[in-house]
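The residues making up each chain are set out below.
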Amino acid sequence: MTVTELAEAGEQSTPPPASMAGLLRPHVGAFTAVVILQVIGAVAGLAPLLAVVELGRALLSSGPIDHGHVWGVVIAGSVGLFVRLVFTAASSGVGHLLDGRVQLGFRRQLAARLGRVPIGWFSRRRTGELAKVVGEDVSAVHPFIAHAPGELVAAFVVPLVSLIYLFTIDWRLTLITLIPVVLAVALVPLMMTPTRLREQEDFDAGMGRIASSAIEFVQGIAVVKAYGGGGRAHRRFRTATDEFADTFLRWARGLSPIAAGMQLVLSPPFVLLVVLIGGTALITTGGLAATDLLPFVLLGLGLTAPVAALGHGFDDLQAARRAIGRIRDVLDVRPLPEPAHPIAPQGHRVELREVRFGYDTDHEVLRGIDLVLEPGTVTAVVGPSGSGKSTLVQLLPRFFDPTHGSVLLGGVDLRDLGSEELYRTVSFVFQDVRLLRTTVADNIALAVPHADLDDVIRAARLANIHDRILELPRGYESVIGEDAALSGGEAQRISLARALLADAPVLVLDEATAFADPHTEQAIRGALTTLAGDRTILVIAHRLETVADADTVVMLDNGSIVERGKPADLLARNGKFAAFWQSHRMESR
Ligand SMILES: Nc1ncnc2c1ncn2[C@@H]1O[C@H](COP(=O)(O)OP(=O)(O)OP(=O)(O)O)[C@@H](O)[C@H]1O
């Protein structure tokens, strides 16, 4: 299934589950089937054990052997084994199907939600985290859904039925057989004292510190080496590990005796010892037949299983809970509302009216922007770093909605425009270019999938990237990331070719600074002059030539427009723009 199909399917699916219980509610039927099948399988699984017990008693007792009875027991044990195999396999099969359905449901809901969240939400960091949520976190529910219910049911049903059976033989020895379980349960509160819990928290925090200092060290290794800070960064990592050694010793010293005690009382030799001592005492005092010791030896060993299963089940539950929490965070991102009745724009004049915007509520990045972009004009946005240029231009392709005010295209608020119409009308080329892992030709023709190769080549020529593409191993058929590794500037030119081919009447461009190479500069200048025509163009300009070519310059400072006008007029005015430009030129010398 493709991402689009998943998204479409997800649109029709139910809203996100409110909790783990909400997650499982639609699957109650399958879940019940898993449990019932497992209970039958587990009970049937006792038959071979009981058959061994019964055989022992029949064969060891004095007197003639009842052959019919013995064979009946053998057959009953074998049937039980077969039933167990069939039913546990069926339970596991249904469990895995249920798991598949739950995971698919999650991925559909995630795809549907991701298709509707603001584009601006997808920062590079978020994209990395998202890959983990959609992949690892969704898969992390597998043990909890597919394995834990069956294992837990089996772990409780088998001892319960065994206990009932043992009680019918001898209640005193049954109570003695339970001693290891009682001891283990008595040790649990010792693991939960405030001191133990604090030590556990310190342990987790210490592990976190080691992980983050290791990541910091590895991620910054190039900078650290270049600036000779290797010793310092390495020291932080070493301090974290040294501190952790103390924490670990304290944690281990506190927990080890209890964990060892727990392991000891649950171990088969200890269980056998208790049963044999108790059994011998009862047999020697004449209260128990020697053959009756056999069921306690065989079944007693299985009584400690629930304690271990509880531990595993609890771990699975915690891991699933954490993963579902992260999945919910993504499902809770507010989507960009789509208009119920989209309105068609009249022309492609762009207008920003009283636009205010902040990424969070305490910090406003744009503070009341009024701006008109007429068709057939190029408007250049300039301003110091952090003044809000990128934020401003990203409002045009609706990466975000303004907090106040509105952005209008052809007289229609972007919120009333259907997203397909919007992306048909507005093309953008930003610095943070992401190409798809497909052929160069497909990357260029993204907005026009049926474009013929001639059109793709024409766009590539205009974007000054055609010759470079021909140098790639398979030309336009080279796959990005496989047989084509492109530089930042080259990727931006591919993205420019994509925008040129899309032929949208509004173009938003962020002139590259990070990868300003002569080819890219020339491509962008060429595109601006070739494209101009009737288009509405907004460009974040970093070079004087681009600014000089523009019809209007808008100078931003601290989120407000502080000057606007024709470039020559602004320079002549000798105001803020002229001063900014002067210092900018000095810097770039
Ligand atoms: N995704 C984001 N989340 C939170 N804050 C952001 C985000 N993007 C930008 N900002 C903040 O918004 C302010 C304006 O940033 P913006 O990138 O729009 O400025 P700019 O003028 O384009 O800067 P530059 O020329 O350095 O690219 C800055 O304070 C920046 O830290």
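None of these values were measured; they are calculated from a predicted model. (Residues numbered from 1 in each chain as written. Predicted model: local features only at pLDDT ≥ 70, side-chain atom pairs only at ≥ 80, totals over all residues.)

Details of the overall build of the chain
Then, in step 1: Each helix and strand in the chain was counted, giving 24 helices and 10 strands.
Then, in step 2: Within the chain, buried positions represent 31% of all 589 residues.
Then, in step 3: Across the chain, the fraction of contacts at a sequence separation of at least 24, relative to all contacts at a separation of at least 6, is 78%. (Helix = DSSP H or I, 4+ residues; strand = E, 2+ residues; numbered from the N terminus. Buried ≥ 20, exposed ≤ 12 C-beta atoms within 10 Å, placed from the backbone. Contact = placed C-beta atoms within 7 Å.)

Here's the deal with unusual backbone geometry
Then, in step 1: One non-glycine residue, Glu-354, lies in the positive phi region at around 45°.
Then, in step 2: By the element assignment, Glu-354 lies in strand E1 (residues 350–357).
Then, in step 3: Positive phi, normally seen in glycine, also occurs at Asn-574, with a value near 60°.

Things to note about the UniProt feature "transmembrane region" (unreviewed entry) in the chain
Then, in step 1: Mapped onto the present numbering, the UniProt feature "transmembrane region" (unreviewed entry) falls at residues 28–50, 70–98, 152–169, 175–192 and 270–290.
Then, in step 2: Secondary structure across residues 175–192 divides into 89% helix and 0% strand, with the first and last C-alpha atoms of the span separated by 27 Å.
Then, in step 3: Annotation note: span residues 270–290, helix share 71%, strand share 0%, distance between end C-alpha atoms 20 Å. (UniProt positions renumbered as here; feature names shortened; annotations may be inferred.)

Quick notes on the site of the ligand
Then, in step 1: As a structural note, the neighbourhood of the ligand is formed by 11 residues, with Tyr-359, Ser-385, Lys-389, Ser-390 and Thr-391 the closest of them.
Then, in step 2: Grouping the amino acids of the shell around the ligand by side-chain chemistry returns two nonpolar, eight polar and one charged. (Near = placed C-beta within 6 Å. Nonpolar A, V, L, I, M, F, W, Y, C, P; charged D, E, K, R; others polar.)

Here's the deal with the pairing of strand E7 (residues 506–510)
Then, in step 1: The buried count for E7 comes to five of five residues, which makes it a mostly enclosed element.
Then, in step 2: What you see with E7 is no split at all: Val-506, Val-508 and Asp-510 on one side and Leu-507 and Leu-509 on the other are buried throughout.
Then, in step 3: The pairing of strand E6 (residues 426–429) with E7 spans four bridges and is parallel. Paired with Phe-428 across the two strands is Val-508, which belongs to E7. (Pairing = 2+ DSSP bridges.)

Quick word on the environment of Leu-276
Then, in step 1: Considering the arrangement of structural elements, one finds Leu-276 in helix H12 (residues 268–284).
Then, in step 2: When the C-alpha positions of Leu-276 and Leu-294 are compared, they lie 9.8 Å apart, and in sequence the two are 18 residues distant.

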